[in-house]
Amino acid sequence: MNGNGAPPRVGDATTVTAVSTEPATSTASTASTRTKLERGRSALGPALELVHTGRAPTRAVLTAELGVTRATAGAVAAELEALGLIRVDSRPGGASGAQGRPSHRLAVEENGPVALAAQVHSDGFRAALVGLGGRIVATAPGKVTVSADPAQVLGAVVEAGAALLVESGRRCVGAGLAVPSAVAEPDGTALNPLHLAWPAGSPVRAIFAECVKAAGIDGPALTGNDVNLAALAEHRHGAGRSAQHLLCVATGHRGVGGALVLDGRLHSGSAGLALEVGHLTVNPEGRACHCGSRGCLDVEADPLAFLTAAGRTPGPEVSLLQQARDLLRAEYADPAVRAASEELIDRLGLGLAGLVNILNPDRIILGGLHRELLHADPERLRAVVADRSLWGRSGGVPILPCTLDHNSLVGAAELAWQPVLDDPLGTLGAPAA
């Protein structure tokens, strides 16, 4: 998968000429034109990614980032606009007092193609349509009951997404699925969907692809771990922008997950199973974990652990994550709730400190309930991490909340958008004349 780092420098397509001491021939002219065209088109993917991630808001910035002439950048932008992917403002504007000619503004096309994104978690599922720029165009209400049959659940979420597509009338570039399980590569099997009651090793990618095909949806159908995809989305569009070594830790509706983005690429290990941070031991005498150990982050710092520590009995009406969030926001002054919050912050901080020692990230972002805990007492969490980590003491690692709503959904869409980012023309075809 292509990452979110700076695009490779592309050759200047407007200055390529055939050099000869003889008069120019039609063959040389044709070769020169072909070379210009090929080099210009090789910039389409990097250019689209720059606009997609908000790093090229103007044609001048695009020119500088690609390392090409203004004419080439203009031609590349025009072709992406013809493909229906971006908009080029025909009335450029400059900042007050700015020097030189104002540059054309660039933005993703709001009415352009979309990706179908799907997410399944222990309390339900959700489908959405996501455009370029990580913008959620439409969502289908989540279903509360998730059966033990992955084919039934994935069929239902794809059906909900297909209905959104019909209603929108948009072109679909593909589909992506986020699941709360490690997804083993290259087969796309969910190794440990513990909170879903799905069989271990369920072939979720194959099932999802079959459902997408049966629904008549074009494009690839891809699957990934929900926290990995949340980290990818945050790195491209949210709190992780510009980080070189980004660590993301988040609670789902149950359990704790982690992900690492290195130089713009997800670090998933040799088989897609890296960063199972939920099974770091943070309390050796703590709760029994599904993995066979005790006191893992997965059971010591998730929504159920918080509700239990606060002396609350979870109800069936809304998700565990929402119940924990609501309790923390509304009743933080309650001594039992505050004590539970501090307990989870200390457990989370201990886990983060260990990860800082091992990974040396330049930024940590927290999602789910962990984001709420950070808001509740940021100084306590940062102090625990600094005190218990070697590198934390040397200056501290920024710890920030995730900023995107439904970041796992946005990340699932990134899977489907990636082939377009890699090769817009090859994926979508030549624009209409």
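Data block above holds the structure.
Just so it is clear, the structure is predicted and the values come from calculations on it, not from any experiment.

Definitions and cut-offs
- Residues numbered from 1 in each chain as written.
- Predicted model: local features only at pLDDT ≥ 70, side-chain atom pairs only at ≥ 80, totals over all residues.
- Heavy atoms only, no water.
- Pairing = 2+ DSSP bridges.
- Helix = DSSP H or I, 4+ residues; strand = E, 2+ residues; numbered from the N terminus.
- Contact = heavy atoms within 4.5 Å.
- Axes fitted to C-alpha atoms, helices over the stretch in contact; angles between N-to-C directions.
- Expected span 1.5 Å × (residues − 1).
- Buried < 20%, exposed > 50% of the residue type's maximum accessible area, 1.4 Å probe, protein only.
- Polar contact = N/O pair within 3.5 Å; in protein donor to acceptor, adjacent residues only side chain to side chain.
- Parallel < 35°, antiparallel > 145°, perpendicular 65-115°, else oblique.
- Left-handed = near helix turned anticlockwise from the far one by under 90°.
- Nonpolar A, V, L, I, M, F, W, Y, C, P; charged D, E, K, R; others polar.
- Core = buried A, V, L, I, M, F, W, Y, C linked by side-chain atoms within 4.5 Å.

## Here's the deal with the sheet that holds strand E10 (residues 245-251)
Point 1. Ordered by their spatial adjacency, 5 strands build an open sheet running E12-E11-E10-E13-E14, and the pairing between neighbours is mixed. Strand pairing shows two members of the sheet lacking a second neighbour, strand E12 (265-266) and strand E14 (399-401), which therefore form its edges.
Point 2. Here strand E11 (residues 256-262) pairs with E12 via 2 bridges, running antiparallel. Looking at E12, one finds that Leu262 is bridged to Arg265.
Point 3. Across the sheet, helix H7 (residues 226-237) is in contact with E10, E11, E12 and strand E13 (363-367); its angle to E11 comes to roughly 45°.

## Looking at H7
Point 1. The first and last C-alpha atoms of H7 sit 16 Å apart over 12 residues, in line with the 16 Å expected at 1.5 Å per residue.
Point 2. When you tally the buried positions in H7, you get 12 out of 12 residues, the bulk of the element.
Point 3. Those residues of H7 that fall on the buried side of the exposure criterion are Asp226, Val227, Asn228, Leu229, Ala230, Ala231, Leu232, Ala233, Glu234, His235, Arg236 and His237.
Point 4. If you check the start of H7, you find a side-chain oxygen 3.0 Å away from the backbone N of Val227, and it comes from Asn225.

## Remarks on the packing of helix H3 (residues 59-66) against helix H4 (residues 70-82)
Point 1. Following both chains from N to C, one finds H3 and H4 inclined at 110°, their axes separated by 9 Å at the closest point. When the interaxial angle is binned, H3 and H4 end up roughly perpendicular. Here the hand of the crossing between H3 and H4 comes out right-handed. Residues Arg59, Leu62 and Thr63 of H3 form the contact with H4, whose own contacting residues are Arg70, Ala73, Gly74 and Ala77.
Point 2. Split into classes, the residues belonging to the contact of H3 with H4 amount to 3 nonpolar, 2 polar and 2 charged.

## Focus: the nonpolar core
Point 1. In terms of nonpolar packing, the biggest core is built from 38 residues, with Leu48, Leu62, Leu80, Leu85, Ile86 and Trp417 touching the most fellow members.
Point 2. It is helix H14 (residues 407-422) that contributes the most residues to this core, 8 residues altogether.
Point 3. Val277, Ala301, Leu327 and Leu373 belong to the second-largest nonpolar core, a separate cluster that totals 35 residues.

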